[in-house]
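# Summary of structural features
Listed below are the residues making up each chain.
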Amino acid sequence: MTAAKDNKHVTNFKKKHLQQGESVKTWGEGYIGNVMGKGKDTQHNGVLLVTDVRVAFYRKGLLGEVLENIPLKLITSIERKSMLGHRVIKLHTSHDDLAFKTFSKEAELNIIEAIEAGRGLKVDAPDIAVPVSAPAATSDPYEQLKKLSELKSVGIISEEEYQQKKEKLLQLI
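Quick summary incoming for the structure in this document. Bear in mind the structure is a predicted one, so any value in this text is a computation, not a measurement.

### Focus on the pattern of salt bridges
Tallied over the full model, the rule gives seven salt bridges. A salt bridge links arginine 80 to glutamate 108, with the nearest nitrogen and oxygen atoms 3.2 Å apart. Taken together, the residues span a long stretch of sequence, with arginine 80 in strand S5 (residues 77-83) and glutamate 108 in helix H2 (residues 105-118) at a distance of 28 residues. The pair formed by arginine 80 and glutamate 108 is uniform in burial state, with each residue classed as buried. Taken together, the shared-partner salt bridges in this structure form one network comprising Arg80, Arg87 and Glu108.

The following block contains the structure:
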C-alpha cells in the first residue's frame, strides 16, 4: 500500500536499488519464506514493491539485505490465496516463483492491480483482469474461453465470475 510516509525498507530500496527513470507504483508490508523456516525457507519480513518495470521483495536488516526481483514482463501467472485474513500472492515465471504473504487486503489488491497494469492488463472489475489490447467483442470466442479458463485456474477470477463470462462468450458462438 502506498502510504503518505514510506517505511524503512521502501526508503532504503529507493536509495540503493531504484534505477534511474524507475518509480515505485505501490508497496505492501509482509514476508517471504516460512514461519520458523530454515535455510532458503527462512522467513524474511519486508516489503513487496511494484515499480513500472519489476516486482521486488526487499528487506534491509542489521546484518545485510534481501532483494528478490522479477521483471513484470516475465511474470506468466499470479496465484492468490486467502485464509483467515492471511493473504498469499505467488508470482510465477518460466524459471522462478516468489510467494509473498501479507495480512493487508488493501495491499494485496493494490499490488495485484499494479502488477496487472504493468503487464499490460487492466482490472475490469474486482479480481478480473483482461488484456488491454484485445477487446472482448473483436476476439475469437474460443480463444477468450481458453484465457478465461486460465484466469480461473490461477485464481484471478472466481468460479461464479467464470460462469458469467463463459455464458456471454457462448452466446457469441
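### Regarding unusual backbone geometry
Non-glycine residue methionine 36 carries a positive phi angle of around 65°. Even without being a glycine, leucine 84 presents a positive backbone phi close to 55°. Summarising the element assignment, leucine 84 is placed in the loop between S5 and strand S6 (86-92). Judged by relative accessible area, which is 84%, leucine 84 ranks as exposed.

### Quick notes on the side chain of glutamate 22
In this fold, glutamate 22 is placed in the loop between helix H1 (8-16) and strand S1 (24-32). The buried category is assigned to glutamate 22, whose relative accessible area is 8%. From its side chain, glutamate 22 meets the backbone nitrogen of glutamine 19 in a polar contact 2.9 Å long. Residue contacts for glutamate 22: discarding those within four places in its chain leaves His17, Thr51, Asp52, Val53 and Arg54.

### Some remarks on the layout of surface pockets
Roughly 250 Å³ of internal volume is contained in the second largest pocket. Lining the second largest pocket are 13 residues, with Ile32, Gly33, Lys40, Asp41 and Glu68 sitting closest to its centre. Of all the secondary-structure elements, those providing two or more residues to the lining of the second largest pocket are strand S4 (65-71) and strand S7 (97-102). No other element matches the four residues that S7 contributes to the lining of the second largest pocket. For the lining of the second largest pocket, a count of residues per class yields four nonpolar, four polar and five charged.

Thresholds applied
- Each chain carries its own residue numbering, running from 1 in the written order of its sequence.
- In view of the model being predicted, local features appear only for residues whose pLDDT reaches at least 70, and side-chain atom pairs are presented and counted only at 80 or more, with totals across whole chains, interfaces and linings using the full set of residues.
- Only hydrogens and water are set aside; all other atoms, that is, all heavy atoms of the structure, feed into the side-chain values.
- For salt bridges, the criterion is a side-chain nitrogen of Lys or Arg within 4 Å of an Asp or Glu carboxyl oxygen.
- Here a helix means four or more residues in a row that DSSP labels H or I, a strand means two or more in a row labelled E, and each is numbered from the N terminus.
- Between buried and exposed lies partly exposed: a residue is buried under 20% and exposed over 50% of the maximum accessible area for its type, with that area taken using a 1.4 Å probe on protein chains only.
- Distance and chemistry together define a polar contact, namely a pair of N or O atoms within 3.5 Å, with one atom able to donate a hydrogen and the other to accept it when in protein, and with adjacent residues in sequence counting only for side-chain atoms on both sides.
- Only heavy atoms enter the contact rule, under which two residues are in contact if any of them lie within 4.5 Å.
- Lining residues are defined by having an atom within 4 Å of a point belonging to a cavity or pocket. Those points lie on a 1 Å grid over the protein atoms alone, cavities being sets where a 1.4 Å probe fits but cannot get out and pockets being open sets with protein on both sides within 12 Å along at least five of seven lines.
- Grid points are joined across faces, edges and corners, and a volume is the space filled by probe spheres set on the points.
- Three classes are used: nonpolar for Ala, Val, Leu, Ile, Met, Phe, Trp, Tyr, Cys and Pro, charged for Asp, Glu, Lys and Arg, and polar for all others, with Gly counted as polar.

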